[in-house]
Amino acid sequence: SFVLRRIIFHLSANTVISAAVVYLFHETDFLVPIPLIAHTILGSFLGLLLVFRTNSAYARFWEGRGIWSKTMAKCSQLAINTMIYIHPCAPKSSEKLVELLAAFPDALAYRCLSGSIPLEEHVNKLVNMRNYPLLDGDVGDP
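Okay, so let's go over this structure. (Residues numbered from 1 in each chain as written. Predicted model: local features only at pLDDT ≥ 70, side-chain atom pairs only at ≥ 80, totals over all residues. Heavy atoms only, no water.)

The subject of this paragraph is the overall build of the chain. A tally of helices and strands in the chain yields four helices and zero strands. Secondary structure elements of the chain, listed N to C terminal, follow the sequence α-α-α-α. Radius of gyration (C-alpha) of the chain: 28 Å, far over the 14 Å computed for a compact globule of 142 residues. Split into buried and exposed, the 142 residues of the chain put 8% on the buried side. Here the analysis covers contacts within the chain between residues at least 6 apart in sequence; of these, 37% occur between residues at least 24 apart. (Helix = DSSP H or I, 4+ residues; strand = E, 2+ residues; numbered from the N terminus. Rg over C-alpha atoms; globule rule 2.2 N^0.38 Å. Buried < 20%, exposed > 50% of the residue type's maximum accessible area, 1.4 Å probe, protein only. Contact = heavy atoms within 4.5 Å.)

Let us look at the packing of helix 2 (residues 36–86) against helix 3 (residues 91–112). Helix-helix packing is described using two parameters, namely the angle between the two axes and the distance between the axes. It is at 9 Å that the axes of helix 2 and helix 3 come closest, and there the two elements cross at 175 degrees. Between helix 2 and helix 3, the angle is such that the two are roughly antiparallel. Contact residues: W68, T71, M72, C75, L78, A79, T82, M83 and I86 in helix 2; S94, L97, V98, L101, F104, P105, L108 and A109 in helix 3. Class assignment of the residues belonging to the contact of helix 2 with helix 3 gives a composition of 14 nonpolar, three polar and no charged. (Axes fitted to C-alpha atoms, helices over the stretch in contact; angles between N-to-C directions. Parallel < 35°, antiparallel > 145°, perpendicular 65-115°, else oblique. Nonpolar A, V, L, I, M, F, W, Y, C, P; charged D, E, K, R; others polar.)

Turning next to helix 3. The end-to-end C-alpha separation of helix 3 is 32 Å, in line with the 32 Å expected for 22 residues at 1.5 Å each. F104 marks where helix 3 bends most, by close to 35 degrees; the proline P105 follows one to four residues later. Among all positions of helix 3, only S94, L101, A103, P105, A107 and A109 are buried. Buried residues along helix 3 sit against helix 2 and helix 4 (121–126). Two residues or fewer after helix 3 comes S114, characterised by a positive phi angle close to 55 degrees. (Expected span 1.5 Å × (residues − 1). Bend = angle between axes of the 7 residues up to and from the residue.)

By the definition in use, this model includes zero disulfides. No disulfide involves C112; its sulfur sits 12 Å from that of C75, the nearest cysteine. (Disulfide = S-S within 2.5 Å.)

Before going further, it helps to spend a moment on the pattern of salt bridges. A full pass over the atoms with the stated rule returns one salt bridge. Residue E121 is joined to K125 by a salt bridge in which the shortest nitrogen-to-oxygen separation is 3.8 Å. Taken together, the residues span about one helical turn, with E121 and K125 both in helix 4 at a distance of four residues. The burial state of E121 is the same as that of K125; both residues are exposed. (Salt bridge = Lys/Arg side-chain N within 4 Å of Asp/Glu carboxyl O.)

This model, assessed by the stated rule, comprises two aromatic pairs. Aromatic pair F61 and W62: ring centres 5.2 Å apart, planes at 80 degrees, arrangement edge-to-face. An aromatic cluster is present here, built from Y58, F61 and W62 joined pairwise through their rings. (Phe/Tyr/Trp six-rings, centres within 6.5 Å; stacked < 30°, edge-to-face > 60°.)

In a regular helix each residue adds 1.5 Å, so 51 residues correspond to 75 Å; helix 2 covers 74 Å between its end C-alpha atoms and thus fits that length. Looking only at helix 2, the buried set comprises T71, C75, A79 and T82.

Worth remembering: the numbers are spatial, not functional.
The following block contains the structure:
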């Protein structure tokens, strides 16, 4: 994995150093005096780091959730307005637009997650790139 490739050197170095300390302790009764204050400071630092990372991840999650809620609300609002104002004049076009608006959140999730979730077949048919030649090709990352 990506994380393992990033930390493999540090992990190996720590393993070798730990093995050397254990060997020295068991074979030569070599004792390394480590003050207790070091453990206290290290524990406090790791605790603060963990809290900071958790809080920032939680904030990112809720920011994304808020954006997703706004996207869903806008799609719903556009679909309602389409049925109220456009449907009486152009029923076929308005129904196609409402279908596309209903498929948009699924297609957006598929795009944002780089295709790691399956796209439902009816959504795939609606947003097939061959139906929209101006959008065909590499559109770049969001």
